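# Notes for the structure review
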Amino acid sequence: MRRGIFRKLLSNLFSPVRKALAPPPDEKGARGENKIAGILRSYCKPPHERVVNDVILMDTQTGRSSQIDHILICARGVFVIETKNYSGMVCGSDRQREWTQVLAYGNTKHRFLSPVVQNATHVRLVRHILQEKFPVYGLVVFAQGNIEHIQSACVCAPYSVPERICTLSAGKAALTAAELDKIHSRILLHKNSYGVTKQEHMAHIRKLQQDLSSGICPRCGKPLALRHGKYGSFYGCSAYPKCKFTKPVR
Ligand SMILES: [Zn+2]
């Protein structure tokens, strides 16, 4: 018990120092992405298996851009990979839309959209540009390996990426060299064809977050209103039923 208090005190005492020494979030994220890109590259058998990093695709249904960290094109299928560089303890499962990050020995909690849900959109966009029925799978890799409290077959630590690729694609027919080349060229064709740069995509995301915090629906621009439903209170778009955007009350 005493030990816990002492640890908490120490942690609070050093947290400004740790913050000052820690790399900025963008840089940290990029480091995580580089690490996973390296693992995926070493998994590939050239010349037909490949990794395409940093693909920005436009969702023609919603008009929103999505940034995909990596697409692995290998004999076992097409793997759409999202890298997360969260530290601390992360809790979540396939049944939850929002996951929780716990930091500073439980002092700080941060909720975020499930990366499995986020990556499902990416998988849909990749399926759409490939047109043909190729096997496409979604995989979320936690760069720091902190997945003990996550229940999802689509999430793994860096060291288990090859094993997870195997499990996800079990029993499915392998892609031929010609198919791999075809998929690669389709992805390259769409990679930046929308003229959206990574900076523009990030600016777009920041604007959506600003809208949300100022009570504006990020989907249609109408004000959000507090609603009370069967499962508790939430924010819903005032343009409902035309717009079905909702956001939980924190
Ligand atoms: Zn709306």
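Here we summarise the structure given alongside this text. For clarity, every value in this text was computed on a predicted model and none was experimentally measured.

### Points about helix 5 (residues 177–191)
Between its terminal C-alpha atoms helix 5 stretches 21 Å, which fits the 21 Å expected from 15 residues at 1.5 Å a residue. When we look at burial in helix 5, the residues that qualify are L180, I183, H184, R186, I187 and H190. One side of helix 5 carries all its buried residues, which in axial view fall inside an arc of 165°. Exposed side chains of helix 5 directed beyond 90 degrees from the buried face belong to A178 and L189. Of the surrounding elements, those touching the buried residues of helix 5 are strand 1 (50–59), strand 2 (64–74), strand 3 (77–84) and helix 3 (115–130).

### What about helix 6 (residues 198–213)?
Spanning 16 residues, helix 6 covers 23 Å between terminal C-alpha atoms, matching the ideal 22 Å at 1.5 Å per step. Every buried residue of helix 6 is accounted for by H201, L208 and D211. An end-on view of helix 6 places all buried positions within 80° of arc, on one side of the element. Across helix 6 from its buried face, at more than 90 degrees, point the exposed residues Q199, Q210 and S213. For helix 6, the elements touching its buried residues are strand 1 and strand 2. Among the residues trailing helix 6, G215 stands out with phi positive, at a value near 75°.

### With respect to the sheet that holds strand 1
Either a parallel or an antiparallel arrangement is found when strands of a sheet pair, and the pairing is made through backbone hydrogen bonds. Here five strands make up an open sheet; going across it, the order is 1-2-3-7-9 and the pairing mixed. Strands at the two margins of the open sheet, each flanked by one partner only, are strand 1 and strand 9 (155–156). Of the strands in this sheet, strand 1, strand 2 and strand 3 are in contact with helix 5, which crosses strand 1 at around 45°. In the packing of helix 6 onto the sheet, the strands contacted are strand 1 and strand 2, and the crossing angle to strand 2 comes to about 130°.

Parameters and conventions
Residues numbered from 1 in each chain as written. Predicted model: local features only at pLDDT ≥ 70, side-chain atom pairs only at ≥ 80, totals over all residues. Heavy atoms only, no water. Helix = DSSP H or I, 4+ residues; strand = E, 2+ residues; numbered from the N terminus. Expected span 1.5 Å × (residues − 1). Buried < 20%, exposed > 50% of the residue type's maximum accessible area, 1.4 Å probe, protein only. Arc of directions from axis to C-beta. Contact = heavy atoms within 4.5 Å. Pairing = 2+ DSSP bridges. Axes fitted to C-alpha atoms, helices over the stretch in contact; angles between N-to-C directions.

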